[in-house]
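Descriptive analysis of the structure
Below are the chains, spelled out letter by letter.
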Amino acid sequence: MTHAVKYHPGIPLLEQYVEGTLEADVALAVSAHIDLCPHCQQLCLDLSAEQGLMLEKSAPAAELDATDLDQMLADIMAQPQWNGRELNTQPQGPVQVQLKDKTFTVPRALARLVEQQTKWTQLGSIANAKLPAGDKRHVSLLYIDKDTAIPQHTHKGLEITLVLSGRIVDEKGSYGVGDILINTPDDTHTPRTLPDEDCLCLSVLSAPLQFNKGITRLLNPLQHLFY
Ligand SMILES: [Zn+2]
């Protein structure tokens, strides 16, 4: 049974994604979400068609006739992927990530990165594999074992978390596969996994996490694990 995605990137981010104006590492998270979310797949198709129409309106009337418009829309709708520039080099089919005795399937959008590197660094019940994507931000796979809480933290920058397997719960909600959490410096939260289910996420961070409670000496290694 597929889990219904509840938390989406929202129209402004999808618009920028379709326009190709989103920064690469944010686009990566959005793209991976779209792979998991039929709702946003449809929105992207609609937005692409709308942008085609807007191009048509802004072009000199003499240069485009109805046939051109039909062709333009046909071209857009025929695009096999949402962002050809980024995704054409991706391998086809599901891609798997290994961590100890566990195997996770990750979205196609992450395939190329995951195949380049999944070297895990483990700290207690949390493990992190940095992906060679970082443009301005740190992109990593984050594994959290069952029944584990990440100490309460705020964000000095943008934190995007996309759930790839399992579930995360924080003060504001419960997030399953495909759900995307976007936290800004205004947000404080304490994410945790369920008592009986571990979790794999994609994490995109523009600045280190700022832990609010606990002993700095103990939390420092954790901070380095994430960023
Ligand atoms: Zn969505």
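Residues numbered from 1 in each chain as written. Predicted model: local features only at pLDDT ≥ 70, side-chain atom pairs only at ≥ 80, totals over all residues. Heavy atoms only, no water.

1. Some remarks on the sheet that holds strand β5 (residues 138-144)
For clarity, the cut-off: In this analysis, strands are considered paired if DSSP registers two or more bridges between them. Secondary structure elements follow DSSP: runs of H or I of four or more residues count as helices, runs of E of two or more count as strands, with numbering from the N terminus. Only the contacting stretch of a helix is used when fitting its axis, a line to C-alpha atoms as for every element, and angles between N-to-C directions run 0 to 180 degrees.
Here we have six strands laid out as an open sheet, ordered β3-β4-β5-β13-β7-β10, and antiparallel in their pairing. Edge positions in the sheet fall to β3 (121-123) and β10 (180-183), since each has one partner strand and no second. Neighbour to neighbour, the strand axes of the sheet diverge by 20° on average, direction disregarded. In terms of strand pairing, β5 meets strand β13 (residues 199-205) through seven bridges, oriented antiparallel. Residue L142 lies in a different strand from β13, and its bridge partner there is C201.

2. Quick look at the coordination of the zinc ion
When four donors bind a metal tetrahedrally, each ideal donor-metal-donor angle is 109.5 degrees, and when six bind octahedrally, the ideal angles are 90 or 180 degrees. Rule in force here: The donor definition counts N, O and S atoms within 2.8 Å of each metal and applies 3.2 Å to Na, K and Ca; water is not among these atoms, so some sites may look incomplete. A 1.4 Å probe rolled over the protein chains alone gives each residue an accessible area, and that area as a share of the maximum for its type sets the label: buried under 20%, exposed over 50%, partly exposed in between.
Taken together, H8 (ND1), H33 (NE2), C37 (SG) and C40 (SG) make up the full set of protein donors to the zinc ion, lying 2.0 to 2.3 Å away. Counting the intervening residues between successive donors of the zinc ion yields the motif H-x24-H-x3-C-x2-C. Within this pair, whereas H8 is found in the segment before α1 (11-19), its partner H33 is found in helix α2 (residues 24-36), the two being separated by 25 residues in sequence. H33 gets classed as buried once you look at its relative accessible area, which sits at 0%.

3. Looking at the packing of aromatic side chains
The relative placement of two aromatic rings is captured by the distance of their centres and the angle of their planes. Stated formally: Classification of ring pairs uses Phe, Tyr and Trp, with its six-membered ring standing for Trp, and accepts pairs whose centres are within 6.5 Å; under 30 degrees between planes counts as stacked, over 60 as edge-to-face, and the remaining range as tilted.
The full count for this structure, using the stated rule, is two aromatic pairs. Aromatic side chains F104 and Y143 sit 5.9 Å apart centroid to centroid with 50° between the ring planes, which places their arrangement in the tilted category. With a gap of 39 residues between them, F104 in strand β2 (residues 102-106) and Y143 in strand β5 connect regions that are remote in the sequence.

4. Quick notes on the pattern of salt bridges
Our working definition: For this document, the term salt bridge refers to a Lys or Arg side-chain nitrogen within 4 Å of an Asp or Glu carboxyl oxygen.
Counted according to the given criterion, the structure contains four salt bridges. Here R137 and D25 are joined by a salt bridge, their closest N and O atoms 2.9 Å apart. Taken as a pair, R137 in the loop between β4 (126-130) and β5 and D25 in helix α2 lie far apart in primary sequence, 112 residues in all. For the pair shown, R137 and D25 are each scored as buried. D187 is paired through a salt bridge with K172; the nearest N and O atoms lie 3.3 Å apart. You can see D187 sitting in the loop between β10 and β11 (188-189) and its partner K172 sitting in the loop between β8 (168-170) and β9 (173-175), a full 15 residues away along the chain. Residues joined in a network through salt bridges with shared partners are E23, D25 and R137.

5. What about the nonpolar core?
Definition in use: Buried residues of nine kinds, namely Ala, Val, Leu, Ile, Met, Phe, Trp, Tyr and Cys, make up a nonpolar core once their side-chain atoms join them within 4.5 Å. Where each domain begins and ends is defined by an automated method or by a domain database. Two residues form a contact once any of their heavy atoms are found within 4.5 Å.
Of all hydrophobic cores here, the largest spans 41 residues; its most connected members are W120, L141 and L202. Residues from two domains meet in this core; each of domain 1 (11-87) and domain 2 (95-226) gives at least three. Excluding its chain neighbours within four sequence positions, the residues that come into contact with L141 are V97, V114, T118, W120, A127, N128, A129, L131, L164, L200, C201 and L202. Within the second largest apolar cluster, 17 residues are counted, among which are Y175, C199, L219 and F226.

6. A few points about the confidence of the model for the chain
For the record, the criterion: The score called pLDDT rates the predictor's confidence residue by residue, from a low of 0 to a high of 100.
Overall, the predicted model of the chain reaches an average pLDDT of 83, with 80% of residues at or above 70. Low pLDDT, under 50, characterises residues 79-90; the predicted model gives this stretch 21 contacts beyond four residues in sequence or across chains.

7. Focus: α2
Count 3.6 residues to each turn of an α-helix, and residues three or four apart come out pointing the same way. As a reminder of what qualifies: The span one expects for a helix is its residue count, reduced by one, times 1.5 Å.
Compared with an ideal rise of 1.5 Å per residue, which puts 13 residues at 18 Å, α2 spans 19 Å between its outermost C-alpha atoms and is within 8% of the ideal. Of all 13 residues that make up α2, ten are buried, and the element is covered over most of its length. Restricting attention to buried positions, one finds in α2 the residues D25, V26, A27, L28, A29, V30, S31, A32, H33 and I34.

8. Some thoughts on the side chain of D179
Going by this rule: In protein, a polar contact requires one atom able to donate a hydrogen and another able to accept it; more generally it is a pair of N or O atoms within 3.5 Å, and residues adjacent in sequence count only if both atoms are side-chain atoms.
For D179, the location among the structural elements is in the loop between β9 and β10. There is a polar contact of 2.6 Å between the side chain of D179 and the backbone nitrogen of K6.

9. What about the pairing of β2?
As a general feature of sheets, a regular strand has side chains that alternate between the two faces. Looking at chain direction, strand β1 (residues 95-99) and β2 are connected through five bridges and run antiparallel. Among the inter-strand pairings, V97 is bridged to a residue of β2, identified as F104.

10. Some details on unusual backbone geometry
Unlike most non-glycine residues, K100 shows phi in positive territory, near 55°. By the secondary structure assignment, K100 is in the loop between β1 and β2. Despite not being glycine, D147 shows a phi value in the positive range, around 55°. Its location among the elements puts D147 in the loop between β5 and β6 (153-155).

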